[in-house]
Amino acid sequence: MSTPAFPFSAVVGHADLRLALLLNAVHPGIGGVLVRGEKGTAKSTVVRALAALLPQQLVADGCRFRCDATAPDPSCPDGPHRTDADERSASAEARARHAEELAEHRRLVEMTGEELLAEARRRHPDASEFRIELAARVLAERAAAGPPPVPVTPLRRAVPFRLERAPLVELPVGATEDRLVGSLDLEKVLQEGTSAFRPGLLAQAHRGVLYVDEVNLLPDHLVDSLLDAAAMGRVHVERDGVSVTHAARFLLVGTMNPEEGELRPQLLDRFGLAVEVRAARDVDTRVEVVRRRMAFEADPAGFVAQWADAERDIAESIEAAQQKLPAVELPDTELRRIASVCAAFEVDGMRADLVIAHAARAHAALRGAARVDEEDVRVAARLALPHRRRRDPFDEPGIDEQALEDALDQAGPPDEPPEPPEGGGAPPPDRSDPSEGAERPSGDGATRPAPPPGQPFRARLLRVPGLGEGAPGKRSRARTDSGRVVRATGSAPQRPGDLHLPATVVAAAGRGRTDDRLQLTAADLRGAVREGREGNLVLFAVDASGSMAARRRMSAVTGAVLSLLRDAYQRRDKVGMVTFRAGGAEVALPPTSSVPAAQARLAHLSTGGRTPLADGLLRARKVLQVERLRDPRRRPLLVVLTDGRATVAARPGSDPVRDACRAAALLAADGVATVVVDCEAGPVRLGLAAQLAEAAQGALVGIGELSADRVAGIVQAVWAA
């Protein structure tokens, strides 16, 4: 017997998360919920608890694609389902008539006595005052009698059906594309010789909830398929001789821990609402969380029964709101308010406006109102805007509550546009620093904070040579378990999911037929070789010594590092940072998947002192050796930003430049792909960074060549030997 889910109503705190889920349950057109939060904050628990609250559904009997029995999909692969055109027409008319009666009832309920008389005069313009008073009394009685009943139409009996709960389908991070969208049914192909389609998880999630835990770790090719289905509400499969299309409308719910990496911007915008969850810091709240969880673990059935009434109330409120939603009115004043708020926050596109409008109507329906008001818009904007206002991967998620209140207050009838601030509102650059542009000699000068980073840019692509086998990402070529199929092997696959069906059938067909049937043997099996992209460990070794500390040059260097960090974020890399200055090198940031943490460390970088370049490279080598033991499949890429002017030797009496080249040669012997970014400036250039790159058997890139906009196409910076 399976353990029941933890009750939705028993969850302590997380008010925004519970509200966002309820709004999507009322109106799935909102577009789903993204749940961001640290580990151990009950993200998954709350999402799973939602499924038990969703109303039961009528599913066409025998349909593997979960067609609605009251309105089956005409193009369903398991169809056509038996229907009656006359009954369908009668049902549509009954539903339309009921919607009109419901809207009229709501309007009558809100009318005063005088307004009822005016309505009676409008309906009976030629009647006497006595008849008008009678008509007004009839209208008042109709309003007091309650809403009209929902019609039960013959259409519900037109298709044989089964009654089911809305499904909660989980998409694991390790799922294959075949499992997600569906694939050829090999059993029928091999046993019956017929082509048949086996539905995937998207078909199972139709009219239900598709839950993606750790959505930020989902491979790119699965993300693309998921986005297509979520945007179109249908799945199109064209593969292995199968051509299938079916409906796939679902509530998309994703959870993620930002410490493990951020989400692709394309997928981020697809989520209608986003909430941030954190563990409570209040002692009483934490005590109550532990108390309820322990009670549930001790007696799951008894705990669920204790909360049964509260669960029933929430389920009934969801169903009532779903029925009320079509009649909820969105006035033009509130629609203008929504547009004004989105314009004030400068969100891209129109999806935010639509999501807020849908969520505001759902919130009004949930609280039983007939029309949207300002509070509904406020609640919807708080949930729909935080993840859309991030213009940069390093922007903090969230929304300024005061800015939202100001935008709501300013929204309303169009006024004269405010005068833009002079000069576009940007503060004039600070040119008061007399050291701007001045080169400082290397030495043991005083420690200074790094200047603000220069203007970020779109970084050119730096890759590790060869074919790796690392974690899914978007940087270097890799042999993966779930990438695209590039060719077939001559031997049997290691896993059932790696079978290359066309090559297997061709091998079997080469032996001919037996009894007019294709006979398959173990020798005919062929495996599939898959190739995709991997994420790498990008380790930055940043020269923060005095020779680099001229304000303009260091600003350019930190701007370049910031741009490369953004590129690493988008390509799902792990990043680390080693800085070297004065007497030695230090690990400013151990390797992590949280790229914003690296940006925060960069903001507190200190500069000045001599240049222990050899120490910096040796420290980077030690970091990479330790990381290789932790994650041997993730290949490293070392990016060294320096002018090459080493002034501190690794050993007393040695030549600093020669020691740096020896350290670089050790990195090459370890098989580390290295890119040296030459930061040397001025009319006199020693070319020491080029010597360093040659010793490391790596690539040399000028700091001005890092921008992809300055290079035609995408240039591979690290070449295979």
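Overview of the structure.

Calculation criteria
Residues numbered from 1 in each chain as written. Predicted model: local features only at pLDDT ≥ 70, side-chain atom pairs only at ≥ 80, totals over all residues. Heavy atoms only, no water. Helix = DSSP H or I, 4+ residues; strand = E, 2+ residues; numbered from the N terminus. Buried < 20%, exposed > 50% of the residue type's maximum accessible area, 1.4 Å probe, protein only. Contact = heavy atoms within 4.5 Å. Areas by Shrake-Rupley, 256 points an atom, 1.4 Å probe, with all protein chains shown as cover. Axes fitted to C-alpha atoms, helices over the stretch in contact; angles between N-to-C directions. Parallel < 35°, antiparallel > 145°, perpendicular 65-115°, else oblique. Left-handed = near helix turned anticlockwise from the far one by under 90°. Nonpolar A, V, L, I, M, F, W, Y, C, P; charged D, E, K, R; others polar. Pairing = 2+ DSSP bridges. Salt bridge = Lys/Arg side-chain N within 4 Å of Asp/Glu carboxyl O. Phe/Tyr/Trp six-rings, centres within 6.5 Å; stacked < 30°, edge-to-face > 60°.

### Observations concerning the overall build of the chain
Secondary structure assignment for the chain yields 23 helices and 21 strands. Considering the chain as a whole, with its 721 residues, one finds that 47% of them fall into the buried category. For the chain, long-range pairs separated by at least 24 residues make up 78% of all intrachain contacts whose partners lie at least 6 apart in sequence. When the accessible surface of the chain is totalled, it reaches about 35800 Å², and 52% of it is carbon and sulfur.

### Let's talk about the packing of helix 14 (residues 332-344) against helix 16 (residues 374-384)
For the pair helix 14 and helix 16, the least separation of the axes is 10 Å and the interaxial angle reads 30 degrees. Judged by the angle between their axes, helix 14 and helix 16 are roughly parallel. In the crossing of helix 14 with helix 16, the sense of the turn from one axis to the other is right-handed. Of the residues in helix 16, those touching helix 14 at E334, R337, I338 and V341 are E374, V377 and A381. Looking at side-chain class alone, the contact of helix 14 with helix 16 contains 4 nonpolar, no polar and 3 charged residues.

### Comments concerning the sheet that holds strand 11 (residues 273-277)
Pairing is parallel in the open sheet, where 5 strands are placed in the order 4-7-10-1-11. Lying at the two open borders of the sheet, with one neighbouring strand each, are strand 4 (168-170) and strand 11. For this sheet the average axis-to-axis angle between neighbouring strands, irrespective of direction, equals 20 degrees. When strand 1 (residues 33-37) meets strand 10 (residues 251-256), the two strands line up parallel, connected through 4 bridges. Each residue of the ladder has a partner; that of V35, found in strand 10, is T255. The strands that helix 1 (residues 15-26) touches are strand 1, strand 10 and strand 11; relative to strand 11, the one it contacts most, it runs at about 155 degrees. Relative to the sheet, helix 2 (residues 43-51) contacts strand 1, strand 4, strand 7 (209-212), strand 10 and strand 11, its axis offset from that of strand 10 by approximately 160 degrees.

### Concerning the pattern of salt bridges
Side chains that differ in sign of charge can pair as their charged atoms come close. This model, assessed by the stated rule, comprises 25 salt bridges. For E119, the salt bridge goes to R122, with nearest N and O atoms at 2.6 Å. Taken together, the residues span about one helical turn, with E119 and R122 both in helix 4 (residues 113-123) at a distance of 3 residues. Among the charged side chains, a network of salt bridges with common partners joins E104, R107, E119, R122 and R123.

### A closer look at unusual backbone geometry
The residue H14 is not glycine, and still its phi comes out positive at about 55 degrees. Within the secondary structure, H14 sits in the segment before helix 1. With a phi angle near 55 degrees, R66 is a residue other than glycine that sits in the positive phi range. Looking at the secondary structure, you find R66 in the loop between strand 2 (56-60) and helix 3 (85-109).

### Description of the packing of aromatic side chains
On inspection of all chains with the given rule, the structure shows 5 aromatic pairs. Ring geometry for F6 against F296: centres 5.2 Å apart, planes inclined by 70 degrees, an arrangement best described as edge-to-face. Linking F6 in the segment before helix 1 with F296 in helix 11 (residues 283-298), this pair joins segments that are 290 residues apart in sequence. In this structure, F6 and F296 share a single accessibility class: buried. Judged by centre distance (6.2 Å) and plane angle (45 degrees), the ring pair of F303 and W307 falls under tilted.

### Examining the sheet that holds strand 17 (residues 584-592)
If you walk across this open sheet you meet the 6 strands as 17-16-15-19-20-21, and the pairing is mixed. What marks the edges here is a single partner per strand, and that holds for strand 17 and strand 21 (699-702). In this sheet, adjacent strand axes meet at a mean angle of 20 degrees when their direction is disregarded. Here 6 bridges tie strand 19 (residues 636-642) to strand 20 (residues 673-678), and the two strands are oriented parallel to one another. The residue bridging L641 from the neighbouring strand is V677, located in strand 20. Contacts from helix 21 (residues 613-630) reach strand 15 (537-543), strand 16 (574-581), strand 17 and strand 19, with the element oriented near 30 degrees to strand 17.

### Let's talk about the packing of helix 15 (residues 351-366) against helix 16
At a minimum axis separation of 8 Å, helix 15 and helix 16 run at an interaxial angle of 130 degrees. The angle between the axes of helix 15 and helix 16 places the two elements in the oblique class. The hand of the helix 15/helix 16 crossing is right-handed. For the pair helix 15 and helix 16, the contacting residues are V355, I356, A359, A360, H363 and A364 in the first and D376, V377, V379, A380, A381 and A384 in the second. Class assignment for the residues of the contact of helix 15 with helix 16 results in 10 nonpolar, 1 polar and 1 charged.

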